[in-house]
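# Structural overview
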Amino acid sequence: MGIDTRIVGLLKAKDEKALSLLYDNYSEVLYGVCFQILKDSSAAEDALQESFIKIWKNSHTYDQKKAKLFTWILRITRNTAIDLYRKTNKTKPLEVQIGINTVNIRDQGFDSDHLDVQNHMDQLALKNKAVLEAIFFFGMTQREVAEFLNIPLGTVKSRLRIGLKELGTIYHFKQ
Amino acid sequence: MEENTAAIIASGDLELYVSGSLDPQEALRIESLIENNPDLKAHLDLLENNLLEFSSQYKKAPVKSLKANIERQVKRIERLAKFSWVSIVLAIVVFLMTALYVLQETKRMRTQQSVVNDQIKELTTNFDQKLEDLRNQFIVLQSPQTEKKEHESKYNQVSFNFSSYLNKEKRLGFLQFDNLPNLPDNKCFQIWVSRNGIIENIGVLSKIDKQQLIQIPFKEKGIIHITIEEKPGNPNPNPKESIANIPIG
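Now for a look at the structure at hand. This one's a predicted model, so the numbers in the text were calculated from it and none came from an experiment.

## Points about the packing of aromatic side chains
Aromatic ring pairs are described here by two measures, namely the spacing of the ring centres and the angle between the planes. In this structure the tally under the stated criterion is eight aromatic pairs over all chains. Residues Phe-160 of chain B and Phe-162 of chain B carry aromatic rings whose centres are separated by 6.1 Å and whose planes lie at 25 degrees to one another, so their mutual orientation is stacked. Using a relative accessible area of 1% as the deciding quantity, one classes Phe-160 of chain B as buried. Positioned above the aromatic ring of Tyr-17 of chain B, the side-chain terminus of Arg-75 of chain A is 5.2 Å from the ring centre. Residue placement shows Lys-60 of chain B over the ring face of Phe-35 of chain A; its charged tip is 4.5 Å from the ring centre.

Listed below in structure tokens is the structure:
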């Protein structure tokens, strides 16, 4: 039985061991995402804690047929972090850097200066990575990414495709 | 089918679906497409794996105390949830008990109200009856047509006197006892009227005040009988055992 299946079973049974396993397996990734969005350790910890509480409270709504466990908990964590950012930075518009471009994004954003890109991530071109971050972490549409990066929609699509392909290669290589 | 799959993949909607950025209606549409399209499902699986891979690049260890904080908070939530259930159950029990109490009190008060209403009705009836008695007494005592007769009788060699007031015009009659002999505790005086061979019980004489007038039926001719009976009275008296007989009519 895979670890995700075990965690899901425990979550559905409201067994607190689920949280421990979930934390041990995913807290570092989720905390990294929170940190990418909030750029502050303390705020990222708050977001992660709140996310785990939400995951616990909403565990009955999780449907394995619709998404993998990680996808589901990442959505919760990402939304929690973005909400927290909006709460604490109501008046400050986000100024974010994506790759080499500096743009103002309405209320979503990230700062590539803070990215702790690890070894094989370096294989991804910075521009492709920026598109992936904008879509996966910040929930931007491809059109929004094109607008904010000031690049054609077709370029966004191709960077996304190439980025995913490179990720796929890394994934299969790791597998 | 292939063209359709390619178009959906090219639209970028799957990425948005994976990242949870689609509105619920759009998400439902994508779920429906995936359900019926194994190629799309395979692409989605790949995207999800890529997402995990991509996110893993940003791995960062949070402070060590965070796990314990989360576990503590979850335990507190669970305790509160259990407490909430207990509170809800208690609230329901209290509500039911209160409702039951109110229901019983309402029932009791309705019964009391009914008793009070009956008492008021009885008092009103008694009052009307007493008023009528007083009016009849006044008529009988003041009317020149009223015939007053003195009577004397004996019980166990003890004489007792009483008066009868009969007004033929108004068909009203009263008896007034000056004194009554003492009876054993188990005996009582009973008054009857016999008319056309039918004997009708008027009532039992309790300890009466002097001067008190006792109304007797005087609609038709008949005889008033006074007998000594066992308490609380005899339903079939024998007028032959009367200690006093007063003709009326």
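What follows picks up the thread again.
## Considerations on the sheet that holds strand β2 (residues 158-167) of chain B
All names here are of chain B. A sheet is described by the order of its strands in space; here four strands give the open sequence β1-β2-β3-β6, paired in antiparallel fashion. A single partner strand is all that each edge strand has here, and the edge strands are β1 (147-155) and β6 (213-216). Across this sheet, the average inter-strand angle for adjacent strands is 25 degrees, counted without regard to direction. In the sheet, strand β3 (residues 172-177) pairs with β6 via four bridges, with the strands oriented antiparallel. By the bridge assignment, Leu-175 is partnered in β6 with Ile-214. Across the sheet, helix α5 (residues 65-142) is in contact with β2, β3 and β6; its angle to β3 comes to roughly 90 degrees.

## Quick word on the sheet that holds strand β7 (residues 222-230) of chain B
All names here are of chain B. Sheet architecture is open: four strands sit in the order β5-β4-β7-β8, paired in antiparallel fashion. Each edge of the open sheet is held by one strand with a lone partner, namely β5 (198-205) and β8 (244-248). For this sheet, the mean inter-axis angle between neighbouring strands, taken without regard to orientation, is 25 degrees. Summarising the sheet, strand β4 (residues 187-195) and β7 pair through eight bridges and their orientation is antiparallel. Bridge pairing in β7 links Cys-188 to Glu-229.

## Comments concerning the interface of chain B and chain A
Listed per partner, the contact involves 41 residues of chain B and 57 residues of chain A. Buried area between chain B and chain A, summed over both chains or domains, comes out near 4500 Å², and the portion from carbon and sulfur atoms is 63%. A salt bridge links Lys-67 of chain B to Asp-24 of chain A; the shortest N-O distance between them is 2.9 Å. Our count for the contact surface shared by chain B and chain A stands at 13 residue pairs in polar contact (both at pLDDT 80 or more).

## Some remarks on unusual backbone geometry
Look at Lys-39 of chain A: it is not a glycine, yet its phi comes out positive at around 60 degrees. Taking relative accessible area as the criterion, Lys-39 of chain A reaches 22% and is therefore assigned partly exposed. The backbone phi angle of Arg-171 of chain B is positive, close to 55 degrees, even though this residue is not glycine. When you line up the elements, Arg-171 of chain B lands in the loop between β2 and β3.

Conventions we followed
Residue numbers restart at each chain and count upward from 1, following the sequence in its written direction. The lettering of chains begins at A and the numbering of ligands begins at 1, in the order of writing. Whole-chain, interface and lining totals are the exception, using all residues; otherwise, since this is a predicted model, local features are given only for residues with pLDDT of at least 70 and side-chain atom pairs are given and counted only at 80 or more. Note that water and hydrogens are dropped before the side-chain values are worked out from all heavy atoms of the structure. By convention, a stacked pair of Phe, Tyr or Trp rings (six-membered ring in the case of Trp) has centres within 6.5 Å and planes under 30 degrees apart, an edge-to-face pair has planes over 60 apart, and any other such pair is tilted. Exposure categories follow from relative accessible area, calculated using a 1.4 Å probe and restricted to protein chains: below 20% of the type maximum is buried, above 50% is exposed, and the middle band is partly exposed. Either the NZ atom of lysine or the CZ atom of arginine qualifies as a charge over a ring when it sits within 6 Å of the ring centre and within 35 degrees of the ring normal. The pairing criterion is simple: DSSP has to find at least two bridges between the two strands. Segments assigned H or I by DSSP are reported as helices when at least four residues long, segments assigned E as strands when at least two residues long, and all are numbered from the N terminus. Fitted lines through C-alpha atoms serve as axes, helices being fitted only where they are in contact, and the angles separating the N-to-C directions of these axes extend from 0 to 180 degrees. We call two residues in contact when some of their heavy atoms are within 4.5 Å. Throughout, buried area stands for the accessible area (probe radius 1.4 Å) lost by two parts on being put together, summed over both. For this analysis, a salt bridge means a side-chain nitrogen from Lys or Arg found within 4 Å of a carboxyl oxygen belonging to Asp or Glu. Under the rule applied, a polar contact is a pair of N or O atoms within 3.5 Å (in protein, one hydrogen donor and one hydrogen acceptor; residues adjacent in sequence only if both atoms are side-chain atoms).

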